[in-house]
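One letter stands for each residue in the lines below.
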Amino acid sequence: MSLFLISFFLVYSCMHAYAFLKARSAFGIRAWTSIFIMVFMLLMVLAPIIVRLSERAGYQTSARIAAYVGYSWLGIIFLFFSVSLAADLYRLLVKICGFALHRDFSHLIISARNSFILAIVISISIAVYGYFEASNIRTERLSIKTSKIPKELDRFRIVQISDVHLGLIVREERLNKILTEVKKAEPDMLVSTGDLVDGDICNMKAPEGLLAEIKPAYGKFAVTGNHEFYAGFEEARCFTENAGFKLLRGETVIMDGIMNIAGVDDPAGKYFGLSGDMAEKELLSSLPRERFTILLKHRPVFDRNALGLFDLQLSGHVHKGQIFPFSLVTKLYYPRHAGLLKLPNHSSLYVSRGSGTWGPPIRFLSPPEVTIIDLVHEEAKYPKE
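Throughout, a residue's number is its position along its own chain's written sequence, starting from 1. Side-chain atom pairs in this predicted model are given and counted only at pLDDT of 80 or more, local residue features only at pLDDT of at least 70, and totals for whole chains, interfaces and linings cover all residues. Side-chain numbers come from the whole structure's heavy atoms, not from hydrogens or water.

### A few points about the sheet that holds strand β1 (residues 138-146)
Turning to step 1, where the next piece is worked out: Being paired, for any two strands, means DSSP has found at least two bridges between them. Comment: elements are numbered from the N terminus, with helices defined as DSSP H or I runs of at least four residues and strands as E runs of at least two. Strand order across the open sheet formed by 6 strands is β1-β12-β2-β3-β4-β5, with mixed pairing between neighbours. A strand with exactly one partner marks an edge of an open sheet, and here the two such strands are β1 and β5 (246-247).
Turning to step 2, where the next piece is worked out: In this structure, strand β2 (residues 155-161) lies alongside strand β12 (residues 369-377), joined through 6 bridges in antiparallel fashion. Directly across from Val159, in β12, lies its bridge partner Ile372.

Okay, structure coming up:
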């Protein structure tokens, strides 16, 4: 946890230093202006800490304002850094080509000032678009044919939400949009694959009630994500359970001969001494293999020792990078950062892009989703719609 925070603030500070140097190169700013910009940037770097301290002290309005300003800025500065870095690489490529071909291509390079202004315009434009994309909830559908559900059911519908991040920014309005899609799907079962909450949720009775209204015939199940532990595990657990979910923490449920469901804690719990070390293989081995087995696991990594002991692992966590081009990083780090991945021994992994946002209230080329998973008996000719 501490290593992550150190790395985050180091990278974030370097992004601000890069932006400051770009501004000074573009406009030749004076000393007092430089000081003003540096103070502003320091406040923005410290904004996540200011938000958390304000929230814990009970200053909810101040914390929300600081969250919107600080996290929106985080998104904009990341986009500016990405666009400016791409422009720098372009200039470098032009210079290399000119050197290699003994020609002057300087007319293909725009000035430092125009490059800075263009990067600002592009970044703000994407951020505005991304703000609206973040609230445009989409449904993704996955249909799996299997002989492991009772034939008389024809179809068993699971709806997955993930990474809602209820807190200072994602509130009742956004949750209502998510739950509207859930209700339309008419699920037999609802699952949450972690990070349902984010931050102090002591005063969030309305979202708890909205979630409690959803009552699928075969229940609601959830697992912890890393933010359940960051937010305060006991409060997050109470919220999740009061919202009607059964929280699976290294536990399994056999559902009336229909299917099996298992869930494990996020590894972040170990840093707080709040999760066990039961191996997934041990957890899943006790389940009857003739029934379809769902494994709920926040992070989209799979245990090779457990392959073949589950049919479908449902995960989230990655948000598909949330803001392109960060998705290029998540794509390199995880075996699948969004969508379905077929695994050995007839197991599969599905990774949700997430239903909410973490940090910046922005999504770019990674729209939020509610996932509809239909388990269809392989002999069913006309499954229910």
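### As for unusual backbone geometry
Leaving glycine out, the prevailing phi sign among residues is negative, and the prevailing peptide bond configuration is trans.
Turning to step 1, where the next piece is worked out: Pro325 follows Phe324 through a cis peptide bond whose omega is 15°.
Turning to step 2, where the next piece is worked out: As for its position among the elements, Pro325 is in the loop between β9 (312-315) and α11 (326-333).
Turning to step 3, where the next piece is worked out: If you check the backbone angles, Asp195 has positive phi at about 55° while not being a glycine.
Turning to step 4, where the next piece is worked out: Burial classes: relative accessible area under 20% of the type maximum marks a residue as buried, over 50% as exposed, and values in between as partly exposed (1.4 Å probe, protein chains only). Residue classification places Asp195 among the buried residues on the basis of a relative accessible area of 1%.
Turning to step 5, where the next piece is worked out: For Asp256, which is not glycine, the phi torsion reads 50° and is therefore positive.
Turning to step 6, where the next piece is worked out: In this fold, Asp256 is placed in the loop between β6 (251-255) and β7 (259-263).
Turning to step 7, where the next piece is worked out: Since its relative accessible area comes to 70%, Asp256 is described here as exposed.

### Here's the deal with the side chain of Asp311
Turning to step 1, where the next piece is worked out: Structurally, Asp311 is set in the loop between β8 (292-296) and β9.
Turning to step 2, where the next piece is worked out: What makes Asp311 buried here is its relative accessible area of 10%.
Turning to step 3, where the next piece is worked out: N or O atoms closer than or at 3.5 Å make up a polar contact, with two conditions inside protein: a donor-capable atom paired with an acceptor-capable one, and, for residues adjacent in sequence, both atoms drawn from side chains. A distance of 3.0 Å separates a polar atom in the side chain of Asp311 from a polar atom in the side chain of Lys148.
Turning to step 4, where the next piece is worked out: Here Thr293 takes part through its backbone nitrogen, which lies 2.8 Å from a polar atom of the side chain of Asp311.
Turning to step 5, where the next piece is worked out: If near-sequence neighbours (up to four positions away) are discounted, Asp311 is found in contact with Lys148, Arg289, Arg291, Phe292, Thr293, His346, Ser347 and Ser348. It only takes one pair of heavy atoms within 4.5 Å for two residues to be counted as in contact.

### Comments concerning the packing of helix α1 (residues 2-27) against helix α4 (residues 112-133)
Turning to step 1, where the next piece is worked out: A fitted line through C-alpha atoms represents every axis, and for helices the fit uses only the stretch in contact; the resulting angles, taken between N-to-C directions, go from 0 to 180 degrees. The contact between α1 and α4 brings their axes to 7 Å, and the two run at 135°. When the axis of α1 is compared with that of α4, the two are oblique. By crossing handedness, the relation of α1 to α4 is classed as left-handed. Counting all contacts with α1, which are made through Ala19, Lys22, Ala23, Ser25, Ala26 and Phe27, the residues of α4 involved are Ala112, Arg113, Phe116 and Ile117.
Turning to step 2, where the next piece is worked out: Here the term charged refers only to Asp, Glu, Lys and Arg, the term nonpolar to Ala, Val, Leu, Ile, Met, Phe, Trp, Tyr, Cys and Pro, and the term polar to all other amino acids, Gly among them. Its residues placed into classes, the contact of α1 with α4 shows 7 nonpolar, 1 polar and 2 charged. An angle counts as roughly parallel when it lies under 35 degrees, as roughly antiparallel when it exceeds 145, as roughly perpendicular when it falls between 65 and 115, and as oblique in every other case. It is the rotation of the near helix from the far one that decides the hand of a crossing: anticlockwise by less than a right angle makes it left-handed, clockwise makes it right-handed.

### Re the packing of α1 against helix α3 (residues 60-101)
Geometrically, a packed helix pair is captured by the angle between its two axes and the distance between the axes.
Turning to step 1, where the next piece is worked out: It is at 10 Å that the axes of α1 and α3 come closest, and there the two elements cross at 60°. In terms of orientation, α1 and α3 fall into the oblique class. The handedness of the crossing between α1 and α3 is left-handed. Two secondary-structure elements touch here, α1 through Phe8, Tyr12, Met15, His16, Tyr18, Ala19 and Lys22 and α3 through Gly70, Trp73, Leu74, Ile77, Phe78, Phe80, Phe81, Ser84, Leu85, Asp88 and Arg91.
Turning to step 2, where the next piece is worked out: Residues that form the contact of α1 with α3 fall into these classes: 12 nonpolar, 3 polar and 3 charged.

### Things to note about the pattern of salt bridges
Once the charged atoms of two side chains with opposite charge are near each other, the side chains can pair.
Turning to step 1, where the next piece is worked out: When a carboxyl oxygen of Asp or Glu is within 4 Å of a side-chain nitrogen of Lys or Arg, the pair counts as a salt bridge. Within this structure, the stated rule accounts for 15 salt bridges.
Turning to step 2, where the next piece is worked out: For the salt bridge of Arg353 with Glu140, the shortest nitrogen-to-oxygen distance reads 3.0 Å. Taken as a pair, Arg353 in the loop between β11 (348-351) and β12 and Glu140 in strand β1 lie far apart in primary sequence, 213 residues in all.
Turning to step 3, where the next piece is worked out: A relative accessible area of 26% places Glu140 in the partly exposed class.
Turning to step 4, where the next piece is worked out: Measuring nitrogen to oxygen at the nearest pair gives 2.9 Å for the salt bridge that ties Asp265 to Arg249. With Asp265 in the loop between β7 and α9 (268-271) and Arg249 in the loop between β5 and β6, this pair connects stretches of sequence that are 16 residues apart.
Turning to step 5, where the next piece is worked out: Residue classification places Arg249 among the partly exposed positions, given a relative accessible area of 29%.
Turning to step 6, where the next piece is worked out: Through salt bridges with shared partners, a single network forms among Lys22, Asp88 and Arg91.

### Digging into the sheet that holds β7
Turning to step 1, where the next piece is worked out: Here we have 6 strands laid out as an open sheet, ordered β6-β7-β8-β9-β11-β10, and mixed in their pairing. Since the sheet does not close on itself, it has two edges, and those belong to β6 and β10 (339-342), each with one partner. Here the strands of the sheet are splayed against their neighbours by 20° on average, with no regard to which way each runs.
Turning to step 2, where the next piece is worked out: Pairing between β9 and β11: 4 bridges, direction parallel. Pairing of Gln313 across the sheet is with Leu349, part of β11.

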